[in-house]
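Examination of the molecular architecture
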Amino acid sequence: MSITGFLHPGAMGVTIAAACSGERFWCSDGRSDTTRARAESAGLSEARTAAEFVEHCDTIVSVCPPGEAEAIAQQIAAAGFDGLYVDANAVAPATTQRIGQHFDRYVDGGIIGPPATVPGMTRLYLSGDEAAAVAERWQGSLLDARAIEGGVGAASAVKMLFAAWGKHNSALMLAINAVADAFGVTDAIRSEWEISQPEYLAQSEHAARGAAPKAWRFEGEMDEIAATFEAAGLPPDFHRGAAEVYRRMAGFKDAATPADLDQVIAVLLGR
């Protein structure tokens, strides 16, 4: 029976862990009480240190903020892990290839969709020599794990291209609203939207509510998408701009109440 470790059981990672077959572990070193509650709710066994964690697990799956992916992989490699490492983070193909250099056995992954709580909504793309074997751990579960061709970097490329559209557009829509406010033309542009693009205001409000609490993670993801575009010889600045929008919104993390559009506009304009 496989023994899979998960770094770390956040809102997304805990559902990926819960859907995985076999025995499952998490590493509690330095983690919060909230993370502990998630891990326990998913039935994960606890390893108190990185050394204990790598000793227990034959496979480790990393699901963390993209800006932390390389550092976490280095910590696991330094702890002496000699099993199969799966990086399922929102990182550029070049980033996942760098991470893979720390391990003899490595699979690239990319998650598309919300936390895996409803069948058919969340997919885990996997690429690399052992991608098919990794996918089998979620067979028949709430998570649709798919092995694809292309080697290490292919799964991350799929993730980057999917996220490049929706999350960039949310950032752009919020920035448009902020610019309208700065020039005093909010009423005029919204009146025009009512005539020609009646869905735009609803999209703006949805972007504020949906993106604000996650903006602290989206900034790093936009940087990774920019690197992906640049590596292909295309302009990276679309997503560098989006990264800056999300950087300004990072303070909405863990807010007691959902942010509304007016609050996001004020933050983007530095008010």
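Residues numbered from 1 in each chain as written. Predicted model: local features only at pLDDT ≥ 70, side-chain atom pairs only at ≥ 80, totals over all residues. Heavy atoms only, no water.

1. Let's talk about the overall build of the chain
Put simply, the rule reads: What counts as a helix is a DSSP run of H or I of at least four residues, what counts as a strand is a run of E of at least two, and both are numbered from the N terminus. Our radius of gyration looks at C-alpha atoms and nothing else; its globule reference is 2.2 Å times the residue count to the power 0.38. Exposure is judged per residue with a 1.4 Å probe applied to protein chains only, and the accessible area is read against the type maximum: over 50% gives exposed, under 20% gives buried, and values in between give partly exposed. Contacts: residue pairs with any heavy atoms within 4.5 Å of one another. Computed with the Shrake-Rupley method and a 1.4 Å probe, the accessible areas treat only the protein chains shown as cover for residues. Here Asp and Glu are counted as negative and Lys and Arg as positive; His is not counted, and neither are the chain ends. Where a charge lies is defined by one atom per residue type, namely NZ (Lys), CZ (Arg), CG (Asp) and CD (Glu).
Counting secondary structure elements, the chain contains 12 helices and 8 strands. For 271 residues, the compact-globule estimate of 2.2 N^0.38 gives 18 Å, and the C-alpha radius of gyration of the chain, at 20 Å, lies within 12% of that figure. Each principal axis of the C-alpha distribution contributes one length, and for the chain these read about 65 × 40 × 35 Å. Taken over 271 residues, the chain has a buried fraction of 45%. Pairs at least 24 apart in sequence give 57% of the contacts found in the chain among residues at least 6 apart. Of the accessible surface of the chain, which amounts to about 13100 Å², a share of 52% is contributed by carbon and sulfur atoms. For the chain, the distance from the average position of its 21 positive side-chain charges to the average position of its 35 negative side-chain charges is 3 Å.

2. Let's talk about the nonpolar core
Stated formally: Remark: nonpolar core denotes a set of buried residues (Ala, Val, Leu, Ile, Met, Phe, Trp, Tyr, Cys) joined through side-chain atoms within 4.5 Å.
Of all hydrophobic cores here, the largest spans 27 residues; its most connected members are L174, I225, Y246, M249, V264 and L268. At the level of secondary structure, the elements contributing two or more residues to this core comprise α7 (154-182), α9 (200-211), α10 (215-231), α11 (237-248) and α12 (261-268). Dropping the residues within four chain positions of it, I225 is found in contact with M160, A163, A164 and H239. Within the second largest apolar cluster, 26 residues are counted, among which are V61, V63, V86 and L143.

3. Overview of the sheet that holds strand β8 (residues 143-147)
Convention followed: Here, any two strands with at least 2 DSSP bridges between them count as paired. Angles here are taken between N-to-C directions and fall from 0 to 180 degrees, while the axes themselves are lines fitted to C-alpha atoms, restricted in helices to the stretch in contact.
Strand order in the open sheet formed by 8 strands is β3-β2-β1-β4-β5-β6-β7-β8, with mixed pairing between adjacent strands. Every other strand in the sheet has two partners, leaving β3 (45-47) and β8 as the edge strands with one partner each. The mean inter-strand angle of the sheet, taken between neighbouring strand axes irrespective of direction, is 25°. Relative to β8, strand β7 (residues 122-127) runs parallel, the two sharing 5 bridges. Bridging from a neighbouring strand, L126 pairs with A147 of β8. Packed on one face of the sheet, α7 meets β6 (105-112) and β7 and runs near 20° to β6.

4. Some words on the pairing of β6
What counts is decided by this rule: Clockwise travel from the first strand over the helix to the second, with the strands pointing away from the viewer, marks a crossover as right-handed.
Of all the 8 residues making up β6, 7 are buried; the element is thus mostly covered by neighbouring parts of the structure. One crossover worth recording links strand β5 (residues 84-87) to the parallel β6 by way of helix α5 (residues 93-100), and it is right-handed. As paired elements, β6 and β7 share 5 bridges and run antiparallel to each other. In the sheet register, I111 faces β7, and the bridge partner there is L124.

5. Regarding α7
Quick note on the threshold: Working rule for helices: expected span equals 1.5 Å times residues minus one. To get the bend at a residue, fit one axis to the 7 residues ending there and another to the 7 starting there, then take the angle between the axes.
With 29 residues, α7 extends 41 Å between its outermost C-alpha atoms, agreeing within 8% with the 42 Å of an ideal straight helix rising 1.5 Å per residue. Where α7 bends most, the angle comes to about 35°, and this point is A164. Following α7 by one or two positions, G184 has its phi on the positive side, about 70°.

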